[in-house]
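Next come the chains, spelled out residue by residue.
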Amino acid sequence: MESIDRSIDRVDRATRDRARMPPKRTRVVLDLDGTLINTEQLVDEVVHGVIRAFAREAIASEAIHDALERARGMRPLEASEDVATRLNLRAVASEDMDGRKLLSLTSPTLNARWGEVRLMPGAERLLEHLRASGVIFGLATSTPREYLDLKMKRHENALGMMSCVITGDLVARGKPYPDIFELAAKTLGVASEECVVIEDTPVGCDAARRAGMSVIAVPSTRDRSAFEPFADVIVHSLYDLDLARFGLPPFTDWLSMDDGSTDAVLPIPPVVMRGPVVKGFGRGAKELGIPTANLDVAALKFQVDSLAPGIYLGWAKLRGSVYEQVMSIGWNPFFDNAKKTIEPWLLHEFEEDFYGEELELVVAAYLRPEADFTSLDALIERIHRDAAVAKVMLKRDELKDTVKFLHL
Ligand code: ADP
Ligand code: MG
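Small disclaimer: the values here were computed from a predicted structure and weren't measured.

Novice: Tell me about the environment of Pro121, and please be specific about residues and values.
Specialist: You can see Pro121 is positioned in the loop between helix H6 (99-113) and helix H7 (123-132). With 118 residues separating them in the primary sequence, Pro121 and Tyr239 have C-alpha atoms 7.7 Å apart. Residues within four places of Pro121 in sequence aside, it is in contact with Leu238, Tyr239, Asp305, Ser306, Leu307 and Ala308.

Novice: Talk me through the confidence of the model for the protein; I want residue IDs and the actual numbers.
Specialist: For the protein, the average pLDDT comes to 91, and 91% of its residues sit at 70 or higher. Note on residues 1-5: pLDDT is under 50 here. Beyond four places in sequence and across chains, it has zero contacts.

Novice: Please set out the pairing of strand S8 (residues 264-278) residue by residue, giving values where relevant.
Specialist: Examined bridge by bridge, strand S7 (residues 255-256) and S8 share two bridges and lie antiparallel to one another. Opposite Leu255, over in S8, you have Val265 as the bridge partner. For S8 and strand S13 (residues 358-368), the ladder comprises eight bridges, and the chain directions are antiparallel. For Leu266, the partnering residue across the bridge sits in S13 and is Tyr366. Inspection of the sheet shows S8 paired to strand S9 (residues 294-295) by two bridges, in the antiparallel sense.

Novice: Can you explain the environment of Arg396? Please cite residues and give values.
Specialist: Within the element layout of this structure, Arg396 appears in the loop between helix H14 (376-393) and helix H15 (397-400). Taking relative accessible area as the criterion, Arg396 reaches 21% and is therefore assigned partly exposed. Sequence separation between Arg396 and Thr187 is 209 residues; the distance between their C-alpha atoms is 44 Å. Ignoring any residue separated from it by four or fewer positions in sequence, one finds Arg396 in contact with Leu255, Ser256, Met257 and Asp258.

Novice: Residues and numbers for the side chain of Arg25, please.
Specialist: Mapped onto the fold, Arg25 is located in the loop between helix H1 (2-20) and strand S1 (27-30). We note that Arg25 is buried and unpaired, the nearest opposite charge coming from Asp232 at a distance of 5.7 Å. For Arg25, the side chain forms a polar contact with the side chain of Ser214, separated by 2.3 Å. Residues within four places of Arg25 in sequence aside, it is in contact with Glu193, Glu194, Cys195, Val196, Ser214, Arg245, Phe246, Gly247 and Leu248.

Basis of the calculations
Residues numbered from 1 in each chain as written. Chains lettered and ligands numbered in written order. Predicted model: local features only at pLDDT ≥ 70, side-chain atom pairs only at ≥ 80, totals over all residues. Heavy atoms only, no water. Helix = DSSP H or I, 4+ residues; strand = E, 2+ residues; numbered from the N terminus. Contact = heavy atoms within 4.5 Å. pLDDT = per-residue confidence, 0-100. Pairing = 2+ DSSP bridges. Buried < 20%, exposed > 50% of the residue type's maximum accessible area, 1.4 Å probe, protein only. Lys, Arg positive; Asp, Glu negative; His and termini not counted. Salt bridge = Lys/Arg side-chain N within 4 Å of Asp/Glu carboxyl O. Polar contact = N/O pair within 3.5 Å; in protein donor to acceptor, adjacent residues only side chain to side chain.

Okay, here's the thing in structure tokens:
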């Protein structure tokens, strides 16, 4: 009797320990739109255009944007229905303006334009890392199979690496129901608990959580708090993934400072930008003592979209001379649909302003996400530290040659 009690006790303890110790995560399940490929801007633009055409001033741009954000991650028809209901399109357009009608108005343009869609910053690095380190991974997307090939026409390589491709049409219920993720785990041959999901929408994170998976959120929507109930961790971009936390092989491409600090930089495929220096908000020099020479983003959309918001380092060319620079790629603080800013601080004292002059930049490495600082002093201190890190790192073998991307 006693020994049975004891063995029951032992079994209990083992169960408890297992409950406390998360199971080893061996598979990665990836969402597509907004996570691996940059479809959100295109969808926003096309749906905005269609709704504006029949609703004119009846619906504020902000309301359309908000409705679109809430529907992100859903399958096309469900998303259209959600948007039509939320904006009450029957009242402002016509009685038959339901989700199906809205979808029929947006899909011809979208289908014609899916080919424009590009990979998200850091997506290629992530996929290559998973492949090279032998992690099995797959796709779980709300996109129906018939559109998947259109979206991935330029990225067949990425699709080819997936050990499973679960599309929205394969399941009865779309996200936020867990069906898509459950089918992914089954197809990958493991229990859901062994999977880590990378997702950009609250709806998708909800679905993954309901399936019992670990969830990394990479928000593509503004309201980060919407992810909190579902995500184990919320990161700023795919550059900031900490896979080791989930027992997966860590990235090995960060260069650390080796000075006892935790500062490190991530070399990226160099991005070159050029243009006249334009007026910013006048905040850099006045409030921080850190002037930033803004470039016009509209002319540099392609380059800017290939970089996640954050702090970077690299080179600048002005008046024929080369300077080190630290820059931020950020979101315009005024509400305007998806408008970014480019703000390099050239690490040199200039006698006078150089508005209107031609500036060329090479973005060579990622440093950190944009962060909220508790005080202006803390922010200034951090930016000066960024500059010190940049000066050291730009001398390293891994980065010093990136200066050759400037047109000298
Ligand atoms: P704005 O909001 O108009 O960009 P800032 O306060 O950020 O104003 O000042 C930026 C301007 O300061 C640049 O456009 C440039 O003409 C000048 N400037 C002077 N020194 C520097 C520097 N080291 N790095 C960047 N810009 C500088
Ligand atoms: Mg500036």
